[in-house]
Amino acid sequence: MDRNTMLAAAAAVLLTALALVGPALLPGSVFLPLLPEDFPAWGAGEAPAAVAHHPAPNRNMSDVLHLLLPGLATTEAAFSRGELPLWDPSQALGLPHIDQVHYGVFYPPAWLPLLFGVYGLGLMALVHVLVAGWGMLLYLRTIDRSTAACVVGAVCFACSAWVMARLHAFPVVGAAVWTPWILWGLERGARNRSWRPRMVAAAAVALSVFANFPQVTMWVLLLAGLLEVVRVPAWMRARQGGPESLLAAGLTVALGLALAAPQVLPTAEYLRGESARSDQTVEALLADGLEWPLLWHLISPNHYSAAPLDRPDRPHPVALMDLEQAERPVAINRAETSMGIGALGLVLALVALVFGRNWRTLTFSAVTVGVFALLLWPGALALAYDVLPPIRFGNPKRLLLLSTFALSVLAAGGVDLVRTPRLPVTVVAWILSVVGLAVAVMLRLSVPSAALAEDVDTWAGQLLRQAGRNPLALDEIFAVIPREAFAAAAAMSAASSLLAVAALALAVLTFRPKRKLTSEGGWATWARRKPTLLGVFIAAELVLGSWSLVRPAPAAEVASPITDLGAVEVPALVVEVRALAHGDPVPLRIGRFGNEPPWLRPDFPSLFGLHDLQCYAPMAPRRVTELLDALEPGVVVNGSTLAGFSDPTTLSRPLLDGLGVDVLLTDRPGELPGWSDRSQVGLVRVLENDEALPRAHLVHEIRVLPGAEARLSYLVSDEFNPRAEVVLSAAPPTTDVEWRRRRAAEAVRRNAGVPVVTEEAVMPEPAAGPRTARVVDYAPGHLRVVVPAGEPGFLVVSETWNRNWRARVGAEEAPVVEADHAILAVPVESPHEVVVTLDYEPGSVTWGLRIAAGATLLLVLGLFVGRGRPRGTVPPPPGAHPDLLTGEPVTRVTRRSEVPGLSADTGGAQAAPPSGETGDGEGGGEGGGKGGGEGGGAPRG
């Protein structure tokens, strides 16, 4: 493939990407799947609207507006202050920001929203589609696919259901789209024995890590490692070495991880010590396996199967069987169930899977079959739990990324196979198309017409019976789930099935063999004579099928102009809450009472400068989750989510006063002692805590409770008095020896019956009354508190404790101790007025930046010095050229029309690739016939 042909192929991928994401870049549009109106309590306080009335019915990832956008806003605010976003105080009493996954602080595409505001979300989506497509072009070209095959494979991967369903969730897709770049660099480096392409692979590894979805990056590296391990025996059989390429690949990945050290080290430190997230049990893993009916999504991605489910007690929300999910405005979250590269792409991949014989095709075929076997067979998934640790973190269905990538590579190989004169390939491709068409027609007939109410009712009843909802009458179900939701699902199923029918009908025509023999021999088909049609057909199918997932929202529903992340319209509820602020530099902290339906999404208020006791964080802080779970069991949904309270007695606990919860939001009626009604927005009442303590306050009494169970039990009881005492897990450090001696006897008396009380756990008598602390400067990860003159005590600050907090009392360093199980405290021994300064200073970030600086230097040296041997110095075995259909070498021919890489259809206008391009023993194209065929037409047989 010459430079002009490569540019034309890249332009084809660009046009496809613009067809998908381009509308979101037009004036008046924004790339958001959800709008503020989807959180009705934050807006007008109205009940959730039906799907049919949604202003932009994009049924996709819902995390952008209440998880990713607040995270980007935290990053933007820190950058505007000229500092790294180290601490996020806006959720769950505060948590480290860089340490969290998902936010992509160091990921360059994630800077686009920081530069262009909400508009940058569409630009970032376009970048990811192009990175996936152009990277796949390079990789397929390097393994000697034809031009048409390269375009098909690139479009299949870039526009696959897996990528499109996650395009809004930039950390997930960002970690995945660098896969072909990693494989290209390793492949090119192994062929040319050069470090330059390996440096590109190392940079791609770092970018995948910086995108900040570790599980996906681990799967990508697993795929790269598998290909490198399989390469070694293949190359050794071809007498071309091999073990050294495995070592070089390991060094490349290590360099990439070193480049990403500013992200790797903090995240590893947080996971090891402070995160509530842990690996899931084997039972939870098995519950997240793939249901057999979802395999229909390989043909019809939006099909809501009515086939019997293996586990009716765990209905899948894709079939609108989950009542809680279905009652929301955006009822369908496809992120964990999407797979496939289009019906036509699937046919091509199956052709390659049947007829491909070289080690790459066999490896990618094994990956495809292995992923589906693993997800569909509980026994295999249970075995993977023991031997494959990455599968324990997150949803195992994310492994579908590997099958999607493998299917895309196989589809490219299938293009070159169907261009050969071999009759079996032609016949099998046509038979697969006919069978697929019959299945697509069956899927279309299995869903009702959305326009016929009685058909929708019958279909809804069938789905609900399979979901184990038999005791509920259909009218009772429709009282919770609007009929419009079922009608919308039926319409989407019908449209998806019709698209599959059209694509497979084209496949039948494209692969239909004609009896007339061509001049090259074999049977004539459209695919053989016009292979570019395959790229056009697949691009059209994937663009049409993905449109519902990338449909832009109207910018008028957000705000105008949309030039910054704060352009999201300020909801009415936020206005009412802000009115309760009294000039304090510390933002208000809100809590929730009642959470059904989920009208108050966590994190969303942080877009507007509020702090949230609840959270939906990638990794919630462990101590906070333990504290709130002790306060009300069931509040901790998982290692990411803290829900609202549901027990009225919880709201009377003194602990909430000590945690500084200023405002309570609820849709429940009735009086709550200690809380005063201030306003109401729609269904939601805004209550103010009359007894909330400020973010920083001084106490003079301590209680040491080393055991976590005893400590938590005391903290959530009515005996705990946060105004007067602090509960510690260990004796506090102090430098005043005389003070310790003077208060030893009092400590024993006050802590009678409490185990492990030492003389260090004492404080002096408050002779002059309490000292009132005052926060004079507040920023994320930084507090400056003025403590007036008085007796020594403990300054208690209701921010999550972390080992990286540093304190200074006046000019002297002071210890930061864990207080009340989850927050922090600083001993103040001086009787004079002092200024206490608290700063969050993680050393792991500093060390990460140093390591990355050294790795960057190595990267630059590798790019400009490590050229290696000239291109083409890895020759194939003498006198042989491998046949990719059989994997066996054949004698090299000399006739012009049969030279590998020359096009018989064009008279040999394109030269054969250099021997270095085919020196791995694979030759000039997967299934390109004897001699391959990288040019525009198939070689003679």
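Quick summary incoming for the structure in this document. (Residues numbered from 1 in each chain as written. Predicted model: local features only at pLDDT ≥ 70, side-chain atom pairs only at ≥ 80, totals over all residues. Heavy atoms only, no water.)

Its place among the elements puts Gly862 in helix H30 (residues 843-864). Between the C-alpha atoms of Gly862 and Ser194, which are 668 residues apart in sequence, the distance is 9.1 Å. Residues contacting Gly862, with those up to four places away along its chain left out, are Trp195, Arg196 and Met199. (Helix = DSSP H or I, 4+ residues; strand = E, 2+ residues; numbered from the N terminus. Contact = heavy atoms within 4.5 Å.)

Within this structure, the stated rule accounts for 19 salt bridges. With a closest N to O distance of 2.7 Å, Asp612 and Arg592 form a salt bridge. Separated by 20 residues along the polypeptide, Asp612 in strand S8 (residues 611-612) and Arg592 in strand S7 (residues 589-593) bring together distant segments of the chain. Comparing Asp612 with Arg592 shows no difference in burial state: the two are buried. (Salt bridge = Lys/Arg side-chain N within 4 Å of Asp/Glu carboxyl O. Buried < 20%, exposed > 50% of the residue type's maximum accessible area, 1.4 Å probe, protein only.)

Moving on, we come to the sheet that holds strand S18 (residues 782-787). Pairing is antiparallel across the open sheet formed by five strands, whose spatial order is S17-S18-S24-S20-S21. The open sheet has two edge strands with one neighbour each: strand S17 (774-779) and strand S21 (812-814). Each neighbouring strand pair of the sheet contributes to a mean axis angle of 20°, computed without reference to strand direction. Strand direction decides the pairing type here: S18 and strand S24 (residues 834-840), joined by six bridges, are antiparallel. (Pairing = 2+ DSSP bridges. Axes fitted to C-alpha atoms, helices over the stretch in contact; angles between N-to-C directions.)

Our focus in this paragraph is the packing of aromatic side chains. All chains considered together, the criterion is met by ten aromatic pairs. Ring plane angle 70° and centroid distance 5.1 Å describe the contact between Trp87 and Trp805, whose orientation is recorded as edge-to-face. Residue Trp87 is located in strand S2 (residues 87-88), and its partner Trp805 is located in strand S20 (residues 805-809); the two are separated by 718 residues in the primary sequence. Given a relative accessible area of 3%, Trp805 falls into the buried group. Here the aromatic rings of Tyr714 and Phe720 are separated by 6.1 Å at their centres, their planes lie at 70°, and the arrangement is edge-to-face. Given a relative accessible area of 12%, Tyr714 falls into the buried group. Owing to a relative accessible area of 2%, Phe720 belongs among the buried residues under this scheme. Taken together, the aromatic side chains of Tyr139, Phe157, Phe364 and Phe405 make up a single cluster linked through ring pairs. In this structure, Arg668 packs its charged tip against the face of Phe593, placed 4.8 Å from the ring centre. (Phe/Tyr/Trp six-rings, centres within 6.5 Å; stacked < 30°, edge-to-face > 60°. Lys NZ or Arg CZ within 6 Å of the ring centre and 35° of its normal.)

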